[in-house]
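# Secondary and tertiary structure notes
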Amino acid sequence: MNRRGPVIAIDGPSGVGKSTISRIIARRLGFRYIDTGAMYRAFAVAAHDEGVDVDDEDALERFCERVEFRFGDEGERIFLNGRDYTDRIREPSAGKLASIVSTRRKVREFLVELQRRIARDGCVVMEGRDIGTVVFPDAEVKIYLDASSRARAERRYTQLAPSNAVRAVEDVAREIEERDERDRNRPHSPLKKADDAVHIDTTELGIREVEERIMEIVEERLAGGGTDS
Ligand code: DC
């Protein structure tokens, strides 16, 4: 692939902190930040609004033909067919819908193609589940973030708590485990670490420590060296 700049691929399961860390890394490098989960979420919510049957591959394919994505505010806002989905995709139901819709082959083919086009010039930090394995198997830097499901549930709970006071951390943990199960076991592009990705277990790490670790890896890889760990 002929790119003008590098691609930093950051993959990992739900609630591991990919978005927070990817934004920070993008800002430090002056790169674009692309949240592919937001694309699956917006696609799923819009399809649901339009009554598209997620079990009907033909209906999903027709829907793909009508979909146009746009990003605003440095990748922070997402528009689908001109409508702003930024807030709606953060509702818990959107995560579940996205996890279901993203198991469909047609949807994945469509969004992967779009993600490659959006990032074709490089200089991007792209986060998701299959960036290092499928979207950009030739990414210059691949990071796989992980953490125990309990730690991820607690982080997600803290994030959601102000708007979601009635939910218990156990409910959040159950949802995370359900999503992990679906994301890891789907037949098309399941969540898994690319062989050449660097695995970082963040269970016991603070955000600054993760940031510094990733920046070390980025500097090492972009300088032309670096081996797997
Ligand atoms: O990262 P997230 O929680 O916003 O992602 C929502 C869902 O979208 C997730 O459960 C699986 C799916 N997804 C995917 O299949 N591939 C990606 N590259 C990103 C997200």
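Preceding this section is the structure that the text describes.
A brief look at the structure comes next. Per-chain numbering applies: the sequence of each chain, read as written, is numbered from 1 onward. pLDDT decides what is reported in this predicted model: residues at 70 or higher carry local features, side-chain atom pairs at 80 or more are listed and counted, and totals for whole chains, interfaces and linings draw on all residues regardless. Hydrogens and water are ignored here; the side-chain numbers use all heavy atoms of the structure.

As a further point, take the pattern of salt bridges. Salt bridge criterion: a side-chain nitrogen from Lys or Arg within 4 Å of a carboxyl oxygen from Asp or Glu. Applying the stated criterion across every chain yields a total of 24 salt bridges. The shortest N-O distance in the salt bridge between D183 and R129 comes to 3.2 Å. One end of the pair, D183, is in helix α8 (residues 169–185); the other, R129, is in the loop between β6 (124–128) and α6 (131–135), and 54 residues separate them in sequence. The residues D183 and R129 share a single accessibility class, namely buried. A salt bridge links D180 to R184, with the nearest nitrogen and oxygen atoms 3.7 Å apart. Remark: R184 and D180 occur in helix α8; sequence separation between them is 4 residues, near one turn of the helix. Each member of the salt-bridge network shares a partner with another, and the members are R28, R208, E211 and E212. For helices the rule is a DSSP run of H or I covering at least 4 residues; for strands it is a run of E covering at least 2, with both sets numbered from the N terminus onward. To sort residues, take the accessible area from a 1.4 Å probe on protein chains only and compare it with the maximum for the residue type: under 20% means buried, over 50% means exposed, and anything in between is partly exposed.

Another aspect to go through is the site of the ligand. When at least one non-hydrogen atom of a residue lies within 4 Å of a molecule or strand, that residue is treated as near it. The local shell around the ligand holds 14 residues, among which R41, R108, R129, D130 and R186 are the closest. As used in this structure description, the phrase polar contact means that two N or O atoms lie within 3.5 Å; if the pair is within protein, one of them must be able to donate a hydrogen and the other to accept it, and residues adjacent in sequence are counted only when both atoms belong to side chains. Within the contact set of the ligand, an oxygen atom lies 3.0 Å away from a side-chain nitrogen or oxygen of D183. Within the contact set of the ligand, an oxygen atom lies 2.7 Å away from a side-chain nitrogen or oxygen of R186. Calculation of accessible area relied on Shrake-Rupley with a 1.4 Å probe; when residues are assessed, cover is drawn exclusively from the protein chains displayed. Here the ligand, which alone exposes 450 Å², has 97% of that area covered by the protein. Contributing elements (two or more residues each) for the shell around the ligand: α2 (36–49), α4 (92–101) and α8. Ranked by the residues each element gives to the shell around the ligand, the list is headed by α2, at 4 residues. Side-chain classes follow a simple rule in which Ala, Val, Leu, Ile, Met, Phe, Trp, Tyr, Cys and Pro form the nonpolar group, Asp, Glu, Lys and Arg form the charged group, and the remainder, Gly included, forms the polar group. Per-class residue counts for the shell around the ligand are 2 nonpolar, 5 polar and 7 charged.

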